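Structural description and commentary
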Amino acid sequence: TPPDQAVMLTAMIADRFISDKSKDHAIVVGMNAVREILKRQPMGITPELLSDLVDYAGHRDKAVHNAARSLLKTLREVNPDLLRKKDRGRPAKDPDAGVSS
């Protein structure tokens, strides 16, 4: 699917399933659906929506927290440029960088 259609789809899923008024299990289902879409189409979300979804990592429910962390981890792998700087994590160091032969 083209990225613009994926953006509309993820926005619709977030609008219907992921909100403060939604039940916790509905939020988890929505987060997992968005994560699977982003695995296949990394440009399928706006940075604003992504930052809102990643903020659910501080949610009181453990399942919602884990779903948000899983979404964050997936985005770190497929398209870290969409994430805010604080959400990107530390860059991996090359283990051979300090070794000279």
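Provided above is the structure to which this section pertains.
Reference entry: report on the structure contained in this document. Treat the numbers as computed from the prediction; the structure is a model and nothing was measured.

**Focus on the overall build of the protein**
Per the secondary structure count, the protein includes four helices and zero strands. N-terminal to C-terminal, the α/β element order of the protein is α-α-α-α. For the protein, the residues scored as buried account for 36% of the 101 residues in total. Restricting to contacts in the protein with at least 6 residues of sequence separation, those with at least 24 account for 61%. If you sum the accessible surface of the protein, you get close to 6,900 Å²; carbon and sulfur atoms cover 53% of it.

**Description of the nonpolar core**
Ile-18, Met-31, Val-34, Ile-45, Leu-50, Leu-53 and Leu-71 are the most contacted members of the largest nonpolar core, which totals 24 residues. For this core, the secondary structure elements donating two or more residues are helix H1 (3-17), helix H2 (24-40), helix H3 (47-54) and helix H4 (62-78). If we skip the residues at most four places from it in the chain, Leu-71 touches Met-31, Val-34, Arg-35, Leu-38, Leu-50 and Leu-53.

**Structural notes on the packing of H3 against H4**
Taken N-terminus to C-terminus, the directions of H3 and H4 make an angle of 135 degrees; their axes are 9 Å apart at the nearest point. Put simply, H3 runs oblique to H4. Contacts between H3 and H4 involve Leu-50, Leu-53 and Val-54 on the former and, on the latter, Ala-68, Leu-71, Leu-72 and Leu-75. Residues belonging to the contact of H3 with H4 are distributed by class as follows: seven nonpolar, no polar and no charged.

Each value, and the rule that gives it
Residues numbered from 1 in each chain as written. Predicted model: local features only at pLDDT ≥ 70, side-chain atom pairs only at ≥ 80, totals over all residues. Heavy atoms only, no water. Helix = DSSP H or I, 4+ residues; strand = E, 2+ residues; numbered from the N terminus. Buried < 20%, exposed > 50% of the residue type's maximum accessible area, 1.4 Å probe, protein only. Contact = heavy atoms within 4.5 Å. Areas by Shrake-Rupley, 256 points an atom, 1.4 Å probe, with all protein chains shown as cover. Core = buried A, V, L, I, M, F, W, Y, C linked by side-chain atoms within 4.5 Å. Axes fitted to C-alpha atoms, helices over the stretch in contact; angles between N-to-C directions. Parallel < 35°, antiparallel > 145°, perpendicular 65-115°, else oblique. Nonpolar A, V, L, I, M, F, W, Y, C, P; charged D, E, K, R; others polar.

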